[in-house]
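Close look at the chain arrangement
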Amino acid sequence: MLNAMAVTELAPPPGLTELRERYRAFMEEHVYPSEEVLDREDDVADALVSELRDRAKADGLWAPHLPPEAGGTGQGFLVYAYLNEEIGRSVWAQLVFGCQAPDAGNGEILHLFGTDVQKERWLAPLVAGEIRSFFSMTEPDAPGSDPTTLRTRAVRDGDDWVIDGQKWFSSGAEGAAFGIVMAVTDPDAEPHRRATQIIVPADAPGVEIVPTPVFGHRGRGWTTHCEVVYRDVRVPGGNSLGEPGDGFRIAQKRLGPGRIHHVMRWLGQMQRAFELLCSRALEREAFGSRLADKQTVQNWIADSAAEIQACRLMTLDAAHRIDGGDEARVEISLIKFYAARVLNEVIDRAIQVHGALGLTNRTPLARMATHARAGRIYDGPDEVHRMVVSRRILAAFERGEGWRFS
Ligand SMILES: Cc1cc2nc3c(=O)[nH]c(=O)nc-3n(C[C@H](O)[C@H](O)[C@H](O)COP(=O)(O)OP(=O)(O)OC[C@H]3O[C@@H](n4cnc5c(N)ncnc54)[C@H](O)[C@@H]3O)c2cc1C
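Residues numbered from 1 in each chain as written. Predicted model: local features only at pLDDT ≥ 70, side-chain atom pairs only at ≥ 80, totals over all residues. Heavy atoms only, no water.

1. Focus on the nonpolar core
- Membership of the largest hydrophobic core comes to 91 residues, with the highest contact counts inside it found for F97, L110, I180, I260, M270 and I347.
- Setting aside anything within four residues of it in sequence, one finds L110 in contact with Q118, K119, W122, L123, L126, F178, I180, I199 and L241.
- Membership of the second largest hydrophobic core comes to 18 residues, among which are A183, A202, V207 and C226. (Core = buried A, V, L, I, M, F, W, Y, C linked by side-chain atoms within 4.5 Å. Buried < 20%, exposed > 50% of the residue type's maximum accessible area, 1.4 Å probe, protein only. Contact = heavy atoms within 4.5 Å.)

2. Things to note about the site of the ligand
- Around the ligand, the structure places 17 residues, and the nearest of them are T138, G144, S145, F169 and S171.
- Residue G144 places a main-chain N or O atom 2.8 Å away from an oxygen atom belonging to the ligand.
- Note that a nitrogen atom of the ligand is positioned 3.1 Å from one of the backbone N or O atoms of F169.
- The protein chains hide 68% of the 980 Å² of surface that the ligand would expose on its own.
- Looking at which element gives the most residues to the shell around the ligand, the answer is helix α13 (residues 382-398), with 3 residues.
- Its residues assigned to classes, the shell around the ligand comprises 10 nonpolar, 5 polar and 2 charged. (Near = heavy atom within 4 Å. Polar contact = N/O pair within 3.5 Å; in protein donor to acceptor, adjacent residues only side chain to side chain. Areas by Shrake-Rupley, 256 points an atom, 1.4 Å probe, with all protein chains shown as cover. Helix = DSSP H or I, 4+ residues; strand = E, 2+ residues; numbered from the N terminus. Nonpolar A, V, L, I, M, F, W, Y, C, P; charged D, E, K, R; others polar.)

3. Notes on the packing of aromatic side chains
- Taken as a whole and assessed by the stated rule, the structure comprises 6 aromatic pairs.
- Counting every residue linked through ring pairs, the aromatic cluster contains Y23, F26 and F97.
- Above the face of the W62 ring, K57 is positioned so that its terminal group lies 4.6 Å from the ring centre.
- Just above the ring of W161 sits the side chain of R156; from NZ or CZ to the centre is 4.9 Å. (Phe/Tyr/Trp six-rings, centres within 6.5 Å; stacked < 30°, edge-to-face > 60°. Lys NZ or Arg CZ within 6 Å of the ring centre and 35° of its normal.)

4. Side note on the pairing of strand β4 (residues 178-184)
- For β4, a buried count of 7 out of 7 residues is recorded, marking the element as mostly surrounded by other parts of the structure.
- Neither face of β4 is exposed, since F178, I180, M182 and V184 on one face and G179, V181 and A183 on the opposite face are all buried.
- With 4 bridges connecting them, strand β1 (residues 133-136) and β4 associate as parallel partners. Paired with F134 across the bridge in β4 is G179.
- Pairing of β4 with strand β5 (residues 195-201) involves 7 bridges; the strand directions are antiparallel. In the sheet register, F178 faces β5, and the bridge partner there is P201. (Pairing = 2+ DSSP bridges.)

5. Overview of the packing of helix α5 (residues 77-87) against helix α10 (residues 295-323)
- At their nearest, the axes of α5 and α10 sit 7 Å apart, and the two run at 150° to each other. In terms of orientation, α5 lies roughly antiparallel with respect to α10. The residues of α10 that touch α5, namely those facing F77, L78, A81, Y82 and E85, are R312, L316, A319, H320, I322 and D323.
- Class assignment of the residues belonging to the contact of α5 with α10 gives a composition of 7 nonpolar, 1 polar and 3 charged. (Axes fitted to C-alpha atoms, helices over the stretch in contact; angles between N-to-C directions. Parallel < 35°, antiparallel > 145°, perpendicular 65-115°, else oblique.)

6. Regarding the environment of P211
- Topologically, P211 is positioned in strand β6 (residues 207-212).
- Setting aside residues up to four positions removed in sequence, P211 forms contacts with E174, T224, H225 and C226.

7. What to know about the pairing of strand β3 (residues 160-171)
- Examined bridge by bridge, strand β2 (residues 153-157) and β3 share 5 bridges and lie antiparallel to one another. Looking at the pairing, R153 lines up with D164 of β3.
- Counted between consecutive antiparallel strands, the loop separating β2 from β3 contains 2 residues, among which G158 sits at a positive phi close to 65°.
- Across 9 bridges, the pairing between β3 and strand β7 (residues 225-236) is antiparallel. Following the sheet pairing, W161 is matched in β7 by V235.

8. A word on unusual backbone geometry
- Of note, the amide linkage connecting A101 to P102 takes the cis form, showing an omega dihedral of 0°.
- Relative to the assigned elements, P102 resides in the loop between α6 (93-96) and α7 (103-113).
- One non-glycine residue, E41, lies in the positive phi region at around 50°.
- Positive phi, close to 55°, is recorded for D379, a residue that is not glycine.
- In this structure, D379 sits in the loop between α12 (365-374) and α13.

9. What to know about the side chain of E307
- With respect to the secondary-structure elements, E307 resides in helix α10.
- When sequence neighbours within four positions are dropped, the list of residues in contact with E307 reads Y338, V342, E345 and R349.

As far as function goes, none of this settles anything; it's purely spatial.
Structure representation (structure tokens):
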């Protein structure tokens, strides 16, 4: 009974089919035909991105991750999950529709925790697509998996914060207008009250941004992952988000939705890879029969179909819970590690069925594969999410509650 109820609640909300159709049509008309140019990541590609963004805005498809009161066109997580089955199919589409990481997550926390002044100065132009941002938490000298060990410090000096430290993998920092920096403000506090998130203009004196090439990303502007050094960087005290010590509380609000946004996009990637896998299996022959007639390939198709559908339902369930006010910590961690594995496996099977062709740029698969690999690491490696899930489940058993699936 419980399952029947949940499935009904997860059904596409009224009006979604038509909206999803509009995204699908936009993808077919404008995004897929542009991918070859966008892949070049040069001036021509940048001009094309701007043109496509203007079209998306004109068509009312802009910023579907944020509600209208934050400047978006969003209707909640469940709707956004369904839309991402279209948007996620191209690695470029999040940029085209203005819902790219890390701006999407930064927009969300500015909307939830920003002051009126911060919203006017940073959130409004960010959501409008006039500026970009970065999120600066991970450090070379501390395990990103355990951010309570961060070293970057911010101290009060009069009315200002003064920040010193070094970060890396700050995605999109090159050319961004500002970053949200996680810095230790009270090293003596209990671990999850030590840090504060502080808005830092990218052109503040003492900020040095150096792009680091990363597997699968050519690295230009939005697609860079940067080392960022902060040397005596001075910003007004009013640039902190929430109260001092709220850094991890706010990070949880940011990273939870950020993780499910990634997984939603992966649903689109998986389905596109699956379609390529099936199509190639039907058209290619070897040893006197189609690849589709080989048991091994049939197993890949069956396994992929089962795993993709499992990912879809887990994602829709987590999205539905978040819309209902639940933090969905276990559900988000479950899909983060499970979907990352399925994503990599489905793309890999699709490449295998294409043989050498799968490694060329004549299909989107090679690019999809390099992007997918990073999904097992960013926003928490697989192992950490497994740990979170099992710790929470075991704690429930220790309390005598056991674990009921619902
Ligand atoms: C493409 C990309 C974009 C990113 N963007 C950003 C960004 O915008 N901003 C930002 O701040 N960071 C960003 N990151 C950094 C990312 O969040 C960190 O890489 C991640 O949190 C892991 O931290 P780490 O690299 O320091 O690995 P470490 O913490 O050093 O961990 C290394 C490995 O140890 C293993 N491990 C860790 N803990 C456990 C455990 N409990 N049990 C078993 N094994 C364990 C895991 O296999 C893990 O991969 C990005 C990373 C990538 C790859």
